[in-house]
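Each chain, letter by letter, is given below.
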Amino acid sequence: MAKAVMNPLTPSEHMSSHAPNGEPMAHHAAKFIKPNDRLTSFERLEIYNRQYWWRLMSSLAEDFPGLQAVLGNRRFEALCKAYLVAHPSRSFTLRNLGRDLEPWLRKNPQWASSKQAIALDMVRLEWADIEAFDGAAFEPLQSANVAKSAGSNLRLTLQPYVQLLKFHYPVDSLVLEIKKFNNDTEFLSNAFRERRKRKRVSAVAKLKPKTIFLAVHRVDYSVYFRRMTAEEYGLLVAIRKGKTLGQAIDATFSKHSKTFAADLEQVTAWFQNWSNLGWFCAPPQQSAKIQKSEKTQKSAKRRTAKK
Amino acid sequence: MVAFILRTNTNLAFQSEKSVPANRFNGFTEYGIGIGLRSPHYQHILTRKPVVDWFEIISENFMIDGGRPMHILDQILDQYRVVQHGVSMYFGSADRIDREHLKRLKGLVQRSKTPWLSDHLCWGSVDGRYTHDLLPMPYTFEAAAKTAQKIRDVRDYLEVPIAVENVSSYAEFHVSEMTEWEFLNEVVERADCGILLDVNNIYVSSQNHSFNAFDYVNSVPPERVAQIHIAGHSKYEKYILDTHDHPVIDPVWKLYDRAIQRVGHTATLLEWDDSIPTFREVHNEALKANRFLAKSVLARAV
């Protein structure tokens, strides 16, 4: 039954006339499902088949509205169907449904054809958005502590929820436009929605290639996109890889502009800024201990506060 | 006390009543009427702090590492009682239980201090591939035995009472050896677990499969009912779909009435998951259950 339920729908959104094993679906369904006085076995199975596809497709559309805007509805749907056939959900939660979309699309460029580069950028950004939204956060290091212990051998740990990305297109602005559109349109008339939608489609068409570096992070539980210079990005990526501060600075500035290497003041300002945003934390093991002790205090408080 | 109950239309009036059938399947609690915690209501709940006896959370929405959902949950836990309801344990699937799933679920159980935990009597995954649907079981003795064993294993790991919910269904299998309610009873007896009795699901399935819904309600062992679900659904030409996007209809309230007559005053929850109206509308719909709960209290008082 599971194979039949997960079998793709026809273009008119009906159950396929043949089962995955080639057998006519009507015969296949009748083998295990009873008909009733209103529905055949085929029709009863079709209810589940449709629910499966509608549920999963709408989940992907919710998670990847930017990709949908880039490809248009028809191509987006075709891509999602192909992806779900290749990668049925292997997680108990729909939250993880799109986690293999980027590597799959990289291997299957025909689904985005001429828009492959921008589509890949968009998928990476939208997946990073999900990871940043509910990723783990550990006790942030105080700015003063970072400054105090700053030395070339210092190893810093970045918060797991901070996502660092390099793009070939400025897809962040498009995603922000879509988020704004989705937040606003609940209260708009259909005509105005359509005008806004056309504007968005034209924004996609006009998007010119431009290399950008982005941190997708969160402040007060809301996700933000923060553009960075190539040097900032390089430094943070090196830190995430476990390099010492000295190694990270060397690795970054040997590749980039020498003027930055000399600009110690600028580098200090970046670190100050990142510390203020809470991007650095104690290594997870230490942080877990801190969180555990905080949780114990909290639940003690909760027990006393409960009605 | 009885007069006070009759004058008052909030579930709080019943909190001190001892007629609530606290049992080992709901952690010997005496919960009244609750509603599902849904994101469109977060702001209202956190800013207005409405009086609600308890909230039911979908476990999977909070089995994550951090961020806003966990922050909201902690604030809710500071002020309200919460019960966990899952949608993906799939007690009826032949797959082995996903250890990562169990580990995360246990973490949430410890955080929420849920007095009991519910999930569905259904299957939904094969060979590690998830349908994310609540698929109906073949009602066989073999399936009952395997499902019961899985429920026991999960309960032993989570160390919390478990109640299984009857699902709504659109298909029946040739191989079934018994009715759905006989299968439910077989599973809960073998697993020695509780029942989350969803009277809307009973109604939906009774219409789709042409059985008498009261036969189902009348056959459920009352001492095992930990909680009751009520909800709305959508009627199509040839079948009914369990959509949780409408108010509860009268025939479902009648089933609820019958269930309460048999089971007594039981923790009751309204599910509203799509086209979600304002918090006040959802809560008022849930509080309609008081009409029937009041009768049960009266009957016991006389």
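Owing to the predicted nature of the structure, the values given are computational and were not obtained by experimental measurement. (Residues numbered from 1 in each chain as written. Chains lettered and ligands numbered in written order. Predicted model: local features only at pLDDT ≥ 70, side-chain atom pairs only at ≥ 80, totals over all residues.)

*Asks:* Provide a residue-level description of the interface of chain A and chain B, including the pertinent values.
*Replies:* On the chain B side, the residues contacting the 36 residues of chain A number 32 residues. Listed by contribution, the elements that provide at least two residues to the side of chain A that touches chain B are helix 1 (2–5), helix 3 (41–63), helix 7 (116–134) and helix 15 (284–305) of chain A. With eight residues, the single largest contributor to the side of chain A that touches chain B is helix 3 of chain A. Each residue belonging to the side of chain A that touches chain B can be placed in one class, and the counts come to 20 nonpolar, six polar and 10 charged. (Contact = placed C-beta atoms within 7 Å. Helix = DSSP H or I, 4+ residues; strand = E, 2+ residues; numbered from the N terminus. Nonpolar A, V, L, I, M, F, W, Y, C, P; charged D, E, K, R; others polar.)

*Asks:* Give a detailed account of the pairing of strand 9 (residues 225–231) of chain B, specifying residues and quantitative values.
*Replies:* Residues and elements named next belong to chain B. Burial analysis of strand 9 places seven of its seven residues in the buried class, which makes it a mostly covered element. In terms of strand pairing, strand 8 (residues 194–198) meets strand 9 through four bridges, oriented parallel. When the bridges of strand 9 are listed, isoleucine 195 appears paired with valine 225. Two elements, strand 9 and strand 12 (residues 268–271), share four bridges in a ladder whose sense is parallel. (Buried ≥ 20, exposed ≤ 12 C-beta atoms within 10 Å, placed from the backbone. Pairing = 2+ DSSP bridges.)

*Asks:* Mind laying out the sheet that holds strand 4 (residues 117–120) of chain B, listing which residues take part and the relevant values?
*Replies:* Taken together, eight strands build a closed barrel; the order of strands is 1-2-3-4-7-8-9-12 (chain B) and the barrel is parallel. Taken pair by pair, the neighbouring strands of this sheet meet at an average axis angle of 30 degrees, ignoring direction. (Axes fitted to C-alpha atoms, helices over the stretch in contact; angles between N-to-C directions.)

*Asks:* So what's going on with the packing of helix 5 (residues 141–158) of chain B against helix 6 (residues 180–191) of chain B? Residues and values would help.
*Replies:* All names here are of chain B. Two elements in contact, helix 5 and helix 6, have axes separated by 8 Å at closest approach and are oriented at 40 degrees. As summarised for this structure, helix 5 and helix 6 are arranged oblique, according to the angle between their axes. The chirality of how helix 5 crosses helix 6 is right-handed. Between helix 5, through Phe141, Ala144, Ala145, Thr147, Ala148, Ile151 and Arg152, and helix 6, the contact on the second element is made entirely by Phe183, Glu186, Val187, Arg190 and Ala191. Per-class residue counts for the contact of helix 5 with helix 6 are eight nonpolar, one polar and three charged. (Parallel < 35°, antiparallel > 145°, perpendicular 65-115°, else oblique. Left-handed = near helix turned anticlockwise from the far one by under 90°.)

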